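Chain and residue survey
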Amino acid sequence: MSPAAPTLKPDTYASALRSWLIAARNAVEQRGVDADALLQQVGLDLSTATDPMARYPAHLGLAFWQKAVTLIGEEMLGMDVALQFVPLNFNALGYALMASENLAQMYLRLSRYAHIVTDAADIRFEVGPGAGRLSVTGDPALLATVDDATRWSIFDYAMLTVVRGSRMLYGKDFMPLELRLQRQRPKDHARFERVLRCVPVYGCQDNTLVVDLATLNKPLSYANTDVVKASETTLDRYSSNLGERALTEQLAGVLKELLPSGEPLQDDVAQRLNMTLRTLQRRLSEAQTCYRDVLNDTRHQLALSYLGSEQYSVGEIAFLLGFSEVSAFTRAFKRWTGCSPREWRNQAE
């Protein structure tokens, strides 16, 4: 039986770009399912972020994906999500990939900067005698929280995205030597293979694309070194800040889990993050923030999310945010927004 929701070790806080979840949400909605309701069930609200580089906890994204696969009864959801994808979903990385000199350079950039899309997966590209191999692996701790159908669907998305992106740049004649997938052959394999334009090797130990050297090294018509340089400058700058951003996201995730039991002590939060209190405070200072600021911002964002739903009363929201009294929540909310929770909810209706 598949787990209803993932249970992760305290040190597992991988995240992924918002654009990935938006593509998944759109694919689910096309199946006639209320995707926003499923997202809410797992604790995600995509409407609260406007930053194109916003990231969300990967385990919640996987929980949403599994709910969608189960509800729709569609083993090929990953293919549907991949068909929603365009390179600009990856922002600066998308520009760098599209402007690459050849497929070999594109795959190298994808492997180098994959962590910008998600740190829940690893992409590796190696060139050997006669061919290059691009392999995609996932975080074992995360993948262990979902069933086979969901895992296979996730890799369908990843591998089909790479194949379609390669064909988009190389041309319709792009054909890999081999496409290896861990999934078992799907019932609707004919449609899957028609979209891929090749017949994968199913039931493998890995998820790997194998491409011959001549194809890898053929110059691409969209190559632009100036675009690549500008994009990589942006990517390198974002990478240098990603560690600090990841810490605040991890801290916010722990706070959300602990707040219903009351305002968490910093010592308890540091322990959940597998670090000392002094280390937590130092790293937050390096990220130009502090524990109280992250706590307030987390409460603020959660309050807006909860108030946007009719599921919770103001009193229940105060409890979920760790306030001892509704009046304390009301005072805090007025500091954040200038109005009371009830006024905000009435204005939003």
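This report concerns the structure included in the present document. Remember, predicted model here, so these are calculated numbers, not experimental data. Residue positions are given per chain, counted from 1 along the sequence in the order it is written. With pLDDT at 70 or above as the cut-off, local features in this predicted model cover only qualifying residues; side-chain atom pairs require 80 or more to be listed or tallied, and sums for whole chains, interfaces and linings still use all residues. Only heavy atoms go into the side-chain values, all of them from the structure, while hydrogens and water stay out.

Take the sheet that holds strand β3 (residues 121-128) next. At least two bridges found by DSSP between two strands are what make those strands a pair. Comment: elements are numbered from the N terminus, with helices defined as DSSP H or I runs of at least four residues and strands as E runs of at least two. Within the open sheet, the four strands sit side by side as β3-β4-β6-β5. Their pairing is antiparallel. Each edge of the sheet is formed by a strand with only one pairing partner; in this case those strands are β3 and β5 (178-180). Within the sheet, the average angular offset between the axes of one strand and its neighbour, ignoring direction, is 10 degrees. Examined bridge by bridge, strand β4 (residues 131-138) and strand β6 (residues 208-212) share five bridges and lie antiparallel to one another. Bridging across to β6, glycine 132 finds its partner in valine 211. In this description, contact between two residues means that some pair of their heavy atoms is separated by no more than 4.5 Å. Every axis corresponds to a line fitted to the C-alpha atoms, with the helix fit spanning only the stretch in contact, and the corresponding angles, defined between N-to-C directions, vary from 0 to 180 degrees. Relative to the sheet, helix α6 (residues 103-117) contacts β3, β4 and β6, its axis offset from that of β3 by approximately 145 degrees.

One side-chain nitrogen of Lys or Arg within 4 Å of one carboxyl oxygen of Asp or Glu is enough to make a salt bridge. Inspection of every chain in the model, using the stated rule, returns 17 salt bridges. Note that glutamate 74 is salt-bridged to arginine 31, the shortest N-O span being 3.2 Å. In this pair, glutamate 74 is assigned in the loop between α3 (58-72) and α4 (77-84) and arginine 31 in the loop between α1 (18-30) and α2 (35-41), connecting sequence segments 43 residues apart. Note on glutamate 74: relative accessible area 16%, which makes it buried. The residue glutamate 263 makes a salt bridge to arginine 292 at a minimum N-O spacing of 2.9 Å. Taken together, the residues glutamate 263 in the loop between α11 (225-258) and α12 (266-272) and arginine 292 in helix α14 (residues 291-307) connect sequence positions 29 residues apart. Summary of the burial criterion: residues with accessible area below 20% of their type's maximum are buried, those above 50% are exposed, and those between are partly exposed, where the area comes from a 1.4 Å probe applied to protein chains only. Of the residues examined, glutamate 263 reaches a relative accessible area of 37% and is grouped as partly exposed. You can call arginine 292 partly exposed: its relative accessible area is 40%. A single network of salt bridges, built from pairs that share partners, joins Arg31, Glu74, Asp80 and Arg191.

Here we take up the pairing of β3. Working note: regular strand, side chains alternate between the two faces of the sheet. Sheet topology note: the β3/β4 ladder contains eight bridges and is antiparallel. Considered in β4, the bridge of glutamate 126 is made with arginine 133. In this structure, the hairpin formed by β3 and β4 is closed by a connection of two residues, where glycine 130 is found at a positive phi of approximately 85 degrees.

This part takes up the packing of α6 against helix α8 (residues 148-170). Packing of α6 against α8 brings their axes to within 11 Å, and their N-to-C directions diverge by 145 degrees. When you trace α6 past α8, the crossing you get is right-handed. Contacts from Leu103, Met106, Tyr107 and Leu110 of α6 reach α8 at Val162, Ser166, Leu169 and Tyr170. Each residue receives one of three labels: charged for Asp, Glu, Lys and Arg, nonpolar for Ala, Val, Leu, Ile, Met, Phe, Trp, Tyr, Cys and Pro, and polar for the others, Gly being one of them. Split by residue class, the contact of α6 with α8 holds seven nonpolar, one polar and no charged. By convention, the crossing between two helices is left-handed when the near helix turns anticlockwise from the far helix through less than a right angle, and right-handed when the turn is clockwise.

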